[in-house]
Amino acid sequence: MDWKKIYEEKRCTAKEAVQSIKSNDRVVFAHAVAEPTSLVDAMVENKEAYENVTISHMFSFGKGEYSLPENSKHFRYEGWFNSPNTRKSTELGHGDYVPAFFHQVPSLIRRGVLPVDVVMVSLSKPDAHGYCSTGVSSDYTMQAIKSAKVVLAEINDQVPKTFGESFVHISEIDKLVEHSHPLFELGLPKIGEVEEAIGKHCASLIEDGATLQLGIGAIPDAVLAQLKHKKDLGIHSEMISDGAVELFEAGVINNSKKSIDKGKMVVTFLMGTKRLYDFVNENPAVELRPVDYVNHPEVIAKSSNLVCINACLQVDFMGQVVSDTIGTRQFSGVGGQVDFVRGAAMAHDEKAKAIIAMPSVAVKKDGTKISKIVPFIDHGAAVTTSRHDTDYIVTEYGIAEMVGKTMKDRARSLINIAHPDFRDELKAEFEKRFNVKF
């Protein structure tokens, strides 16, 4: 059958599409920028038709109205990553969080551990053969489409067409809604003196020809800003942002020295500004692959000269890293941090480095500074990266190498890169704990 005829048969309004959702269903949203706003809004508007619908996703830019207390009869948020718009629901108890490594999510969906009744996705316009692109999200989105009983799609002509494993044929969609709107954008972060110093320290650990994994925010962008003099860098990362575009256009990133997927920037999702989305559109130098490929430690281990850089909230004297909780509060999620840290540890060429980078202090709303290097992690906090996995810790004051170091040497190295305002009390805690002079 002609795909255009199928398209017309499946085209409907958002209000009509969400009638496919039934009480007790699990509804999964495509990840992050790929969240289909028209379908999510229509679902919330139609809430009186549902009871006990479970909503699952990782990061979300949307309104998150389904997670509000007044909607708890209709929707239950059960996320794989807490976002600002859903965080409160887990704190109040009517929502919840499912711990999972990012690379495991497609497998959990396939095995039915995380069953998908309905998936809602945002797709590009179909090409001449009836294929749409998921554009900015392959990660778990592609597996959710394959496993879902019902696929609801928002067709948005502003979604870029990306190469790799990101194509969905019109015949795979149950109902589609046309809705043109700009994609969510993450504004460019402000890089201050602290971030610049961290960026310089991280850049000193990156050699020509390295393959990079970077997250998002001021620190990854500060690192990228310090790499303009490097040569032949490559990207194998769960995501990229605008900073990578600049280095690609400058010829610094060319992916020529990669040991796998040579010549390609391989990512699993995208998050940035319109500049990034325009850059990836129909760009054969960029490929989106599912997260169980991109983030699988066995795949990561094949990357030559790998340097992965991730952030955290707290590090204790032993090198235990807390990245997703603040005490008992579930702040975010593990994301791909552990996937890449373990992949780097397993690296075949033994040149890989896993860096945890952070400012030395956090600043509370009242202006009070808190050291992020501590003798003990906060009560109730969960360890994200274990002390056995930790490699390098970087702050604006320097680099602390953890591998092969005793507990005392680890603690000394960490105190030396802590904020000067806290070093004396940290030294006192060191002496109390280890019964030796600092």
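Everything that follows concerns the structure shown earlier in this document.
For the structure given in this document, a descriptive report is provided here. (Residues numbered from 1 in each chain as written. Predicted model: local features only at pLDDT ≥ 70, side-chain atom pairs only at ≥ 80, totals over all residues. Heavy atoms only, no water.)

1. Overview of the overall build of the chain
So, point 1. What the chain contains, in helices and strands, is 15 helices and 27 strands.
So, point 2. Relative to the globule expectation of 22 Å for 438 residues, the C-alpha radius of gyration of the chain, 22 Å, shows essentially globular dimensions.
So, point 3. Projected onto its principal axes, the C-alpha positions of the chain cover 75 × 50 × 35 Å.
So, point 4. Per-residue burial for the chain yields a buried fraction of 59% across its 438 residues.
So, point 5. Nonlocal contacts in the chain, meaning residues at least 24 apart in sequence, comprise 70% of its contacts between residues at least 6 apart.
So, point 6. Accessible area of the chain: about 17800 Å², with a carbon and sulfur share of 50%.
So, point 7. Considering the chain, the positive charge centre built from 51 side chains and the negative charge centre built from 59 side chains are found 3 Å apart. (Helix = DSSP H or I, 4+ residues; strand = E, 2+ residues; numbered from the N terminus. Rg over C-alpha atoms; globule rule 2.2 N^0.38 Å. Buried < 20%, exposed > 50% of the residue type's maximum accessible area, 1.4 Å probe, protein only. Contact = heavy atoms within 4.5 Å. Areas by Shrake-Rupley, 256 points an atom, 1.4 Å probe, with all protein chains shown as cover. Lys, Arg positive; Asp, Glu negative; His and termini not counted. Charge placed at Lys NZ, Arg CZ, Asp CG, Glu CD.)

2. Quick look at the packing of helix 7 (residues 193-203) against helix 8 (residues 218-225)
So, point 1. It is the contact of helix 7 with helix 8, at a shortest axis distance of 8 Å, that shows an interaxial angle of 55°. On the basis of the axis angle, helix 7 is oblique to helix 8. Between helix 7 and helix 8 lies a crossing of right-handed hand. Here E195, E196, I198, G199 and C202 of helix 7 lie close against helix 8, whose contacting residues are A218, I219, A222 and V223.
So, point 2. Looking at the contact of helix 7 with helix 8, its residues break down into six nonpolar, one polar and two charged. (Axes fitted to C-alpha atoms, helices over the stretch in contact; angles between N-to-C directions. Parallel < 35°, antiparallel > 145°, perpendicular 65-115°, else oblique. Left-handed = near helix turned anticlockwise from the far one by under 90°. Nonpolar A, V, L, I, M, F, W, Y, C, P; charged D, E, K, R; others polar.)

3. Topic: the sheet that holds strand 7 (residues 150-155)
So, point 1. The parallel open sheet is built from seven strands, whose spatial order is 4-3-2-1-5-7-10. Each edge of the open sheet carries a strand with a single partner, namely strand 4 (96-97) and strand 10 (175-178).
So, point 2. For strand 1 (residues 26-29) and strand 2 (residues 53-56), the ladder comprises three bridges, and the chain directions are parallel. Directly across from V27, in strand 2, lies its bridge partner I55.
So, point 3. Sheet contacts for helix 3 (residues 37-45): strand 1, strand 2, strand 3 (75-79), strand 5 (118-123), strand 7 and strand 10; angle to strand 7, the most-contacted strand, approximately 120°. (Pairing = 2+ DSSP bridges.)

4. Remarks on the nonpolar core
So, point 1. Among the nonpolar cores identified, the biggest contains 76 residues, and V119, I206, L212, L227, I309 and I355 are the most heavily contacted of them.
So, point 2. The biggest single contributor to this core is helix 10 (residues 274-280), with four residues.
So, point 3. With residues near it in sequence (within four places) discarded, L212 still touches I206, L227, L233, G234, I235, H236, S237 and V307.
So, point 4. Formed by 23 residues, the second largest nonpolar core is a distinct cluster that contains A14, V18, L152 and V177. (Core = buried A, V, L, I, M, F, W, Y, C linked by side-chain atoms within 4.5 Å.)

5. What about helix 14 (residues 407-416)?
So, point 1. Along helix 14, the residues classified as buried are R410, A411, S413, L414 and I415.
So, point 2. On its buried side, helix 14 packs onto strand 18 (314-316), strand 25 (373-374), strand 26 (392-395), strand 27 (398-401) and helix 15 (420-434).

6. Some points on the pattern of salt bridges
A side chain of one charge can pair with a side chain of the opposite charge if their charged atoms are brought near each other.
So, point 1. Summed over all chains, the structure comprises 21 salt bridges.
So, point 2. Linking K353 and E207 is a salt bridge whose minimum nitrogen-to-oxygen distance equals 3.9 Å. Within this pair, whereas K353 is found in strand 22 (residues 353-357), its partner E207 is found in the loop between helix 7 and strand 11 (211-214), the two being separated by 146 residues in sequence.
So, point 3. Accessibility expressed as a relative area gives 12% for K353, which makes it buried.
So, point 4. What makes E207 partly exposed here is its relative accessible area of 34%.
So, point 5. Linking E429 and K432 is a salt bridge whose minimum nitrogen-to-oxygen distance equals 3.6 Å. One end of the pair, E429, and the other, K432, are both in helix 15, three residues apart, so they sit about a helical turn from each other. (Salt bridge = Lys/Arg side-chain N within 4 Å of Asp/Glu carboxyl O.)

7. A few points about unusual backbone geometry
So, point 1. Its identity is not glycine, yet E282 carries a phi of approximately 55°, on the positive side.
So, point 2. Position of E282 relative to the elements: it lies in the loop between helix 10 and strand 16 (286-288).
So, point 3. A positive phi is found at N435, a non-glycine position, where the angle reads about 60°.
So, point 4. Mapping N435 onto the fold places it in the segment after helix 15.

8. Considering the side chain of H103
So, point 1. Mapping H103 onto the fold places it in the loop between strand 4 and helix 5 (105-110).
So, point 2. Within the structure, the side chain of H103 is placed 2.7 Å from the side chain of D339, a separation counted as a polar contact.
So, point 3. Apart from residues lying up to four places away in sequence, H103 is in contact with V291, D292, N295, H296, P297 and D339. (Polar contact = N/O pair within 3.5 Å; in protein donor to acceptor, adjacent residues only side chain to side chain.)

9. Some details on the pairing of strand 22
Every regular strand shows the same layout, with side chains that alternate between the two sheet faces.
So, point 1. Counting buried residues along strand 22, five of its five residues qualify, which places the element largely inside the surrounding structure.
So, point 2. Side chains of strand 22 alternate between two faces, with K353, I355 and A357 and A354 and I356 buried alike.
So, point 3. As paired elements, strand 17 (residues 306-311) and strand 22 share five bridges and run parallel to each other. The residue bridging I309 from the neighbouring strand is I355, located in strand 22.
So, point 4. One ladder, built from three bridges, connects strand 22 with strand 26; its direction is parallel. Pairing of I356 across the sheet is with I393, part of strand 26.

10. Let's talk about the packing of helix 14 against helix 15
So, point 1. Two numbers describe how helix 14 lies on helix 15: the axes approach to 10 Å, and their chain directions differ by 170°. It follows that helix 14 is roughly antiparallel to helix 15 by the angle criterion. Of the residues in helix 15, those in contact with M407, K408, A411, R412, I415 and N416 of helix 14 are R423, L426, K427, F430, R433 and F434.
So, point 2. Its residues assigned to classes, the contact of helix 14 with helix 15 shows six nonpolar, one polar and five charged.

11. Some remarks on the environment of R111
So, point 1. Within the secondary structure, R111 sits in the loop between helix 5 and strand 5.
So, point 2. When the C-alpha positions of R111 and S147 are compared, they lie 9.5 Å apart, and in sequence the two are 36 residues distant.

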